[in-house]
Amino acid sequence: MKILVINAGSSSLKYQLIDMDNQNVIAKGNCERIGVDGLITHKFADRSLQYEVPFPTHKEAFMEVVKALTSGEGKVIGDVSEISAVGHRVLHGSEVYKVSTLITEKVIDDIESFSELGPLHNPPQAAAMQACRTVFGPDTPMVAVFDTSFHQTMPEKAYMYGIPYEYYEKYHIRKYGFHGTSHRYVSQHYLEMRGLKPEGTKLVVCHLGNGSSITAVKDGKCMDTSMGFTPLDGILMGTRSGAVDPSVVLYLENKENLSADQMNDILNKKSGFLGVSELSSDARDLVNASHEGNKLAKLACDMVRYEIKKFIGAYAAAMGGLDAVLFTGGIGENSGELRAEVCEELEFMGIQLDEKENDYNTGSDHKISVPGQKVEVWVIPTNEELAIALDTKAIIEG
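Okay, so let's go over this structure. Source: prediction; values computed, not measured. (Residues numbered from 1 in each chain as written. Predicted model: local features only at pLDDT ≥ 70, side-chain atom pairs only at ≥ 80, totals over all residues. Heavy atoms only, no water.)

Right, let's talk about the sheet that holds strand β13 (residues 366–367) for a bit. In spatial order, the strands read β11-β10-β9-β12-β14-β13; together these 6 strands make up an open sheet with mixed pairing. Here the strands that pair on one side only, and so sit at the sheet edges, are β11 (221–225) and β13. Alignment of strand β12 (residues 324–328) against strand β14 (residues 376–379), held across 4 bridges, turns out to be parallel. Note on β14: the bridge partner recorded for A324 is E376. Running over the sheet, helix α13 (residues 336–343) touches β12 and β14 and is turned about 155° from β12. (Pairing = 2+ DSSP bridges. Helix = DSSP H or I, 4+ residues; strand = E, 2+ residues; numbered from the N terminus. Contact = heavy atoms within 4.5 Å. Axes fitted to C-alpha atoms, helices over the stretch in contact; angles between N-to-C directions.)

Let us look at unusual backbone geometry. In this structure, A45 is a non-glycine residue whose phi angle is positive, near 45°. At E278, a residue that is not glycine, the phi angle is positive and equals roughly 55°. Along the polypeptide, E278 turns up in the loop between α9 (272–277) and α10 (283–291). In this structure E278 comes out as exposed when scored by relative accessible area, which is 66%. (Buried < 20%, exposed > 50% of the residue type's maximum accessible area, 1.4 Å probe, protein only.)

Right, let's talk about helix α3 (residues 122–136) for a bit. In this model α3 runs 21 Å from its N-terminal to its C-terminal C-alpha over 15 residues, within 8% of the 21 Å that 1.5 Å per residue would give. The inward-facing, buried residues of α3 contact β1 (2–8), α1 (58–70), β6 (83–90), α2 (105–113) and β8 (142–146). (Expected span 1.5 Å × (residues − 1).)

This part takes up the pairing of β8. The buried fraction of β8 amounts to 5 of the 5 residues, a majority that puts the element mostly inside the structure. Taking every second residue as pointing to the same face, both faces of β8 are buried, with M142, A144 and F146 on one and V143 and V145 on the other. Examined bridge by bridge, β6 and β8 share 5 bridges and lie parallel to one another. Bridge assignment links V90 to a residue of β8, and that residue is F146. Here 2 bridges tie strand β7 (residues 101–102) to β8, and the two strands are oriented antiparallel to one another. Residue pairing across strands places T101 opposite A144, the latter belonging to β8.

Shown next as structure tokens:
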């Protein structure tokens, strides 16, 4: 069985074709600049093709994906009929979709209706589903896999905000959490790899990248997570502020005569690593600059590592203990320096890194804590595309 996994943005369409018999990636790529001009990158068998092609809408992007997969130099399958199903990543499922779901017209309409909760992602993802159905036809099953679904197991005490309850009833204002597919994959993969049953386990998953979130996973289920009503909440990120006192927002709006949209732009696109360092949104740039004596770059590094450490401690307290800390995402998987500073002085919790193992980047599952410690620390590369494909396969097989 071959499953096509789609991650659509407003001007992009990332794809992976996965052979579910061995879980190998047959081909992958990205259609960029949709609605502007168009560029596709198609990777297969250790080769890569890149060429310009017009993408007025997501429909044309899907048509080019099919063409790239089935013809020409990058051909990897004989015909589109070899694709058994399509799995779509969806940012927001509100409180309606608690698990992955077979896509129908109603599901697409619902995803579109959640646009106020995910304005940058849900509209293009709904549009991509319609385009996919047009290109592949109604007989090819599609499945929606929601970033928010893994976090739907949070108890009320974790997801409610201290605002009048009527706003929750009217507008569904609550913590939703994001990166759920990654947190689910990494936590389940760890348990399977260690031969552990979910019951009784207490894990903290640190998904760290340009966007970052931390999740407490107890008994295999999400108990709490750092992102909130939107992906802006939580720790310092590439251009996002993370959690701030709400009064800071009101104060700045008054002092700088800013509109709500301008303030939103500052918090989402001009803050985080970029805002604090006044240098870059890329963590690698900040690490290099901090080593060269840049004080603001070092401050940004110190802030994010301190915040991660606090979340680990807080979630250990909330779960009543801790069995493992799992690092994933671009920064989590590749920055031994960050992992070392996050885990520094957590020996009282039973956390102690093996310096040599932590510095050694294997690109695969890798235990980096000292043997015999109470709490294990692992680097586990995330694989959201495989998680989406596995859900898709399970649903279409009934």
